[in-house]
Amino acid sequence: MPAINDARILIMATHGFEQSELEAPRQKLRSTGATVDLATPDGEDIRGWKTDHWGDQAHADRAIADTEAGDYDALVLPGGQINPDLLRLDADAVQLVRDFADSGKVVAAICHGPWMLVEAGVAEGRRMTSYPSIRTDLKNAGAEVVDAPVVADGGVVTSRNPGDLEDFVQKIIDEVQNGDRAGAAS
């Protein structure tokens, strides 16, 4: 496992991401020395959602279709209702999630972000959490759903909402540096 300051981390999102769920992980992970890139469907900048209105733009570094899991140590999936609902219709985005999970790399999703894990077939048999409104989706996909600030199971990290961001990002750091990909939940 790489030290966090040597890690390469990908955030994948599109318009309507929850502002804090992209910005906080990006800022904190960069502050550790990690390289953090943002992939969007077309490689163009995207606009967030902040509380009850459109938020700020986030600079994109690359297009999802031009991105490979092998170039990164972890994938972060912000929530917001709009963002993952659009991304789960993007075959390249779904395949990229599957590629990260299949290669044993850290995949972290917060709030509505676990919808991407369901779409990619990653939820089955895992212990997970999410925003309350999508917990039935996780359960129907075969996950053991719990209500906890952060859950890690075999390299898949999930969290409930922006109030859990500190725990979420710290668990990403822990998993990148020391993660047990054998399936142990914590």
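Quantities reported herein were computed from a predicted structural model and do not represent experimental measurements.

What counts and how
- Residues numbered from 1 in each chain as written.
- Predicted model: local features only at pLDDT ≥ 70, side-chain atom pairs only at ≥ 80, totals over all residues.
- Heavy atoms only, no water.
- Pairing = 2+ DSSP bridges.
- Helix = DSSP H or I, 4+ residues; strand = E, 2+ residues; numbered from the N terminus.
- Core = buried A, V, L, I, M, F, W, Y, C linked by side-chain atoms within 4.5 Å.
- Buried < 20%, exposed > 50% of the residue type's maximum accessible area, 1.4 Å probe, protein only.
- Contact = heavy atoms within 4.5 Å.
- Polar contact = N/O pair within 3.5 Å; in protein donor to acceptor, adjacent residues only side chain to side chain.

Spatial strand order, 2-4-5: three strands in an open sheet with mixed pairing. One side of each edge strand has no neighbouring strand; the edge strands of this open sheet are strand 2 (17–18) and strand 5 (53–58).

Judged by nonpolar contacts, the single largest core of 28 residues is most densely connected at Ile-4, Ile-9, Leu-22, Leu-29 and Phe-168. Those elements that place two or more of their residues in this core are strand 1 (8–12), helix 1 (19–31), strand 3 (35–40), strand 7 (74–77), strand 8 (106–110), strand 11 (150–153) and helix 6 (165–178). Here the element with the most residues in this core is helix 6; it accounts for six residues. Apart from residues lying up to four places away in sequence, Ile-9 is in contact with Ile-4, Leu-29, Ala-34, Thr-35, Val-36, Asp-37, Tyr-72, Ala-74 and Val-76. Of all hydrophobic cores here, the second largest spans 26 residues; its members include Leu-77, Leu-87, Val-94 and Ala-123.

Further remarks concern the environment of Arg-47. Summarising the element assignment, Arg-47 is placed in strand 4 (residues 46–50). Along the primary structure Arg-47 and Asp-137 are separated by 90 residues, whereas in three dimensions their C-alpha atoms are 26 Å apart. Excluding anything up to four places from it in sequence, Arg-47 contacts His-15, Gly-16, Phe-17, Trp-54, Gly-55, Asp-56 and Gln-57. A distance of 2.7 Å separates the side chain of Arg-47 from the backbone oxygen of Gly-55, its partner in a polar contact.

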